[in-house]
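Spelled out from the first residue to the last, the chains are:
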Amino acid sequence: MGVNFVVVGGGPAGVQAASDAARLGAHVTVVEKDVLGGAANLWDCIPSKAMIATGGMLALLSKASRMGIREIEPHPELESIKARISSIIDHLERSNRDLLSSQGVKVVRGEARFLDPYRVAVKSVEGEEIELGGDAFLIATGSRPRVPDWAPIDGVRVLTTRQAYPPPAIPEHLVVVGSGVTGVEFVHMFRTFGSKVSLIVSRQHILPQKDPEVAAALEADFLESDVKLYKGARAKGILRDEDGGVVVECDDGRSVAGSHCLLAVGSLPNYESLALENAGVQTDERGYIPTDHHCVSNVKHIYVAGDISGKLPLASVAIMQGRKVAEHVMGLDSREHRHLDYDKAASAIFTEPEIADVGLAEAEAFALGRKMRVTKVPFAANARALINGDPRGFIKILSDPATGVVLGGSIVGERAAELISVIALAVTANLKVADIVESLLVHPALAEALAEAAD
Ligand SMILES: Cc1cc2nc3c(=O)[nH]c(=O)nc-3n(C[C@H](O)[C@H](O)[C@H](O)COP(=O)(O)OP(=O)(O)OC[C@H]3O[C@@H](n4cnc5c(N)ncnc54)[C@H](O)[C@@H]3O)c2cc1C
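The shown structure was predicted, so the numbers you read here are calculated from the model rather than taken from an experiment.

1. Describing the overall build of the protein chain
Okay, step 1: Along its length, the protein chain carries 13 helices and 22 strands.
Okay, step 2: The C-alpha atoms of the protein chain give 23 Å as radius of gyration, which agrees with the globular expectation for 455 residues (23 Å, within 12%).
Okay, step 3: Projected onto the principal axes, the alpha-carbon positions of the protein chain cover approximately 65 × 65 × 45 Å.
Okay, step 4: The buried share of the protein chain, reckoned over its 455 residues, is 44%.
Okay, step 5: A separation threshold of at least 6 residues defines the contact pool for the protein chain, and within that pool the share at least 24 residues apart is 63%.

What follows is the structure, encoded as structure tokens:
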């Protein structure tokens, strides 16, 4: 008979789990209320990185003279940019649909809610209701932007992250509220499009979760490109001025005027529509669903993956959770790397310079009183960085002084999101700094700085 597996939510977590479980022999149904690929494809990862890529191209072209090319004055065309983003999203949606259909996965368009622990009802967009039964379920319904009650979102001048990639217009002066990863990516993207940008930073530095040295490098770059930082200020209200512009009021008495305001102040889990009480699934006080290390909720055949699990809100983590769920559903959870170690997840910030890190951070090691060997190499001495015309940033590697095992690392600089893979592999596989040093790398390459930093 095979396992009947019902996946609620077709974002990265849901699609990965459905595809892997089908490949392993399950009968799989995915219920998705919007588009396959989820918020990740529609509003978050894909449009953000596509806009950032266009902004990067603009920045590069305006620096062409540094490469010996006559000055170029590029102009962004928002309608063409939007069309490009739509075509990427359509392409990815089609790929997901083709993949699932080639594996025999049934996709039902509609909103699911639990009737009991073994059945969901799906209300289709046409208003019809069907019932689906299963032996195992995955809840992968993701999250949405948090909107504080003082923020008059209108999608025109006052935006959430879902309304900004792509934006209704290129703002003349954007005020970004929130200086975490999402906020700083917006700052970076809009400054490359020529907007004046102000950033409201509730603490004393941006990126509070990151290595302070990394955050300082990005701050310095922001300041150099005239981004205005309002530190130690919490936004508490947004007023509109006579010209239709915005004035963001802060709790320290300062107010910041701009043409548009963008809120990047965290997210909330999508659990309300699911009627979890009918299945007996418990949430924490914020609405996230706690799980064990196999992504199982308090109900043993109901799994949870992606943002709704309240772990790391990254598509890469959601995908890996989806994989682990499929293996566990199909009884294949006895491999060497069977548990997900969230402390070893690599992450990146697609600013310029790019930022990426993995594993233990220096400040964290220091706080834990842990002995650590920290080695750091600037890109300024790297031939490829000089050839590429961007020698900003550095690579930092943390290792155990006794064994040489790599414990973590941070990279600031061009291609940081790609280069971090080497340190991530070392951290996951318990490789030593010597393993990186001994690798015969390409010359000239940015990766040579990895070997030097490991040495
Ligand atoms: C601006 C921004 C940029 C980001 N960039 C990156 C990045 O570069 N890299 C990265 O790794 N992460 C990035 N993230 C995070 C990433 O988008 C999320 O971690 C990822 O989308 C989580 O995937 P998921 O599968 O949990 O959920 P989602 O992608 O949110 O998908 C959940 C799906 O469930 C559906 N759904 C919800 N309720 C129901 C229901 N009751 N019935 C049926 N369907 C339902 C929704 O329609 C949705 O399609 C970014 C986030 C933001 C906000």
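2. Structural notes on helix H1 (residues 12-23)
Okay, step 1: With 12 residues, H1 should reach 16 Å at 1.5 Å per residue; the first-to-last C-alpha distance of 16 Å fits that figure.
Okay, step 2: Most of H1 is tucked away: 11 of the 12 residues are buried.
Okay, step 3: Listed in full, the buried residues belonging to H1 are Pro12, Ala13, Gly14, Val15, Gln16, Ala17, Ala18, Ser19, Asp20, Ala21 and Ala22.

3. Section: the site of the ligand
Okay, step 1: Neighbouring residues of the ligand: 36 residues in total, closest Gly9, Gly11, Gly38, Gly142 and Gly306.
Okay, step 2: At the level of elements, H1, strand E2 (27-32), helix H2 (38-42), helix H3 (45-62), strand E3 (106-116) and helix H8 (315-329) are the ones that each hand at least two residues to the shell around the ligand.
Okay, step 3: Counted by class, the shell around the ligand contains 15 nonpolar, 14 polar and 7 charged residues.

4. What about the domain arrangement of the protein chain?
Okay, step 1: Along its sequence, the protein chain is carved into domain 1 (4-145 + 269-334), domain 2 (158-265) and domain 3 (353-454).
Okay, step 2: Relative placement of domain 1 and domain 2: their C-alpha centres are 28 Å apart.
Okay, step 3: Residue-level contacts link 15 residues of domain 1 with 11 residues of domain 2.
Okay, step 4: Those elements that provide at least two residues to the side of domain 1 that touches domain 2 are H3 and helix H4 (78-102).
Okay, step 5: Ranked by residue count, the leading element in the side of domain 1 that touches domain 2 is H3, at 8 residues.
Okay, step 6: A per-class count over the side of domain 1 that touches domain 2 returns 11 nonpolar, 3 polar and 1 charged.

5. Topic: the pairing of strand E6 (residues 136-139)
Okay, step 1: Side chains of E6 alternate between two faces, with Ala136 and Leu138 and Phe137 and Ile139 buried alike.
Okay, step 2: Sheet topology places strand E1 (residues 4-8) next to E6; 4 bridges connect them, and they run parallel. The residue of E6 that forms the bridge with Val6 is Phe137.
Okay, step 3: Where E6 meets strand E17 (residues 302-304), 3 bridges bridge the pair, whose relative direction is parallel. Opposite Phe137, over in E17, you have Ile302 as the bridge partner.

6. Observations concerning the sheet that holds E6
Okay, step 1: The sheet built from 7 strands is open, its strands ordered E5-E4-E3-E2-E1-E6-E17 with mixed pairing. Looking at which strands have only one partner, the edges of the open sheet turn out to be strand E5 (129-133) and E17. Strand-to-strand, the axes of this sheet are offset by a mean angle of 35°, without reference to chain direction.

7. Considering the environment of Val108
Okay, step 1: For Val108, the position within the fold is in strand E3.
Okay, step 2: Between the C-alpha atoms of Val108 and Gly10, which are 98 residues apart in sequence, the distance is 10.0 Å.
Okay, step 3: Sequence-distant contacts of Val108, that is, excluding residues within four places in its chain, are made with Thr29, Val31 and Val122.

Cut-off values and rules
- Residues numbered from 1 in each chain as written.
- Predicted model: local features only at pLDDT ≥ 70, side-chain atom pairs only at ≥ 80, totals over all residues.
- Helix = DSSP H or I, 4+ residues; strand = E, 2+ residues; numbered from the N terminus.
- Rg over C-alpha atoms; globule rule 2.2 N^0.38 Å.
- Buried ≥ 20, exposed ≤ 12 C-beta atoms within 10 Å, placed from the backbone.
- Contact = placed C-beta atoms within 7 Å.
- Expected span 1.5 Å × (residues − 1).
- Near = placed C-beta within 6 Å.
- Nonpolar A, V, L, I, M, F, W, Y, C, P; charged D, E, K, R; others polar.
- Domains from an automatic or database assignment.
- Pairing = 2+ DSSP bridges.
- Axes fitted to C-alpha atoms, helices over the stretch in contact; angles between N-to-C directions.

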